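# A closer look at the structure
Listed below are the residues making up each chain.
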Amino acid sequence: MEATRNGAEDSSPIFYLALDIVSTTTTVPKMLSLLLLGDRLLSFPACFLQMYLFHSFSCSEAFILVVMAYDRYVAICRPLHYPVLMAPQTNAALAAGAWLTALLLPIPAVVQTSHMAFSPVAQVYHCFCDHLAVVQASCSDTIPQTLMGFCIAMVVSFLPLLLVLLSYAHILASVLHISSREGRSKAFSTCSSHLLVVGTYYSSIAIAYVAYRADLPLNFHIMGKVVYAILTPILNPLIYTLRNKDIKAVIIKVACPRDPGHSRGP
């Protein structure tokens, strides 16, 4: 079967791009204030709020990527059922479920971290209030909170990745059964922007993880987290913008203007 849902425009990128815009507001303003103005002070309530929002939005990104992968799976593998399985109400419900889960998941870690003992002026060796950095600044035993944070990170990182890979395994099997080159090209084009976003997201996670686990100076650990916090929100709008045909046409027109003299006949 060579049918793919031509009109199946994934509406999840709208949620994802909105998420990128909102997520940067949790870390970038304070980060710029720290780096440019040297403002190193942040109250404990503001720090825990920033921690909660940053990790909630990070979880949301992973879950929205799963929703987008499922959308692409239905569009390519079950195109005739797409209007029923991925109706606007279903898309909104899946996105809302991803957001709700992400809002609830970090609460235990943040609440328990807030109950740890800290000195009146705690030194957090980071440019924003990452969970592990705040835990390491505590005077309490850090092992239980470190393990909790690690377990949550594994669930948020690897479970969504497994579901995304499962979706694309089915997509690949379906595409290989398409006989025409045009049909295969159209199917891969449908998934290209999502694959780029998934690659960017998990590459930034890998950089942050390697920077943390490797025997590197503290500044490298911080830079790994900064890449994770900033790289994906910056690149995702570019990826989805360049996928828009109207915007691509404008960019090509500006970058490669035609000579009016060549457009007229003799």
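The text that follows walks through the structure, step by step, so that each part is easy to find. (Residues numbered from 1 in each chain as written. Predicted model: local features only at pLDDT ≥ 70, side-chain atom pairs only at ≥ 80, totals over all residues. Heavy atoms only, no water.)

A separate point is the state of the cysteines. Tallied over the entire structure, the rule returns one disulfide. Disulfide pairing places Cys47 opposite Cys129 at an S-S distance of 2.1 Å. When the S-S torsion is -120 degrees, as for the bridge of Cys47 with Cys129, the disulfide is left-handed. Of this pair, Cys47 sits in helix α2 (residues 44–77) while Cys129 sits in the loop between α5 (107–114) and α6 (131–136); the two residues are 82 residues apart in sequence, bridging distant segments of the chain. Among the cysteines around Cys77, which has no disulfide bond, Cys191 carries the closest sulfur, lying 8.5 Å off. With a relative accessible area of 2%, Cys191 lands in the buried category. (Disulfide = S-S within 2.5 Å. Helix = DSSP H or I, 4+ residues; strand = E, 2+ residues; numbered from the N terminus. Buried < 20%, exposed > 50% of the residue type's maximum accessible area, 1.4 Å probe, protein only.)

Here we take up helix α7 (residues 143–176). The end-to-end C-alpha distance of α7 is 48 Å, a good match for the 50 Å that 34 residues give at a rise of 1.5 Å each. For α7, the set of buried residues is Gln145, Gly149, Val156, Ser157, Pro160, Val164, Ser167, Tyr168, Ile171, Ser174 and Val175. (Expected span 1.5 Å × (residues − 1).)

The next point concerns the packing of aromatic side chains. Throughout the structure, instances matching the rule amount to six aromatic pairs. Here Phe44 and Phe118 contribute two aromatic rings whose centre-to-centre distance is 5.6 Å and whose plane-to-plane angle is 50 degrees, an arrangement assigned as tilted. Note that Phe44 is positioned in helix α2 and Phe118 in the loop between α5 and α6, a separation of 74 residues in sequence. Owing to a relative accessible area of 32%, Phe44 belongs among the partly exposed residues under this scheme. Accessibility expressed as a relative area gives 18% for Phe118, which makes it buried. Between Tyr201 and Tyr202, the ring centres sit 5.0 Å apart and the planes meet at 90 degrees, which makes this aromatic pair edge-to-face. A relative accessible area of 14% means that Tyr202 is categorised as buried. (Phe/Tyr/Trp six-rings, centres within 6.5 Å; stacked < 30°, edge-to-face > 60°.)

Looking now at the environment of Ala46. Looking at where Ala46 falls in the secondary structure, it is placed in helix α2. The exposure class of Ala46 is partly exposed, given its relative accessible area of 28%. Spatially, the C-alpha atoms of Ala46 and Cys129 are 9.1 Å apart, while their sequence positions differ by 83 residues.

Turning next to the pattern of salt bridges. Evaluation of the coordinates by the stated rule reveals one salt bridge. A salt bridge links Asp71 to Arg72, with the nearest nitrogen and oxygen atoms 2.4 Å apart. (Salt bridge = Lys/Arg side-chain N within 4 Å of Asp/Glu carboxyl O.)

Remember, this is a structural readout, not a statement about activity or role.
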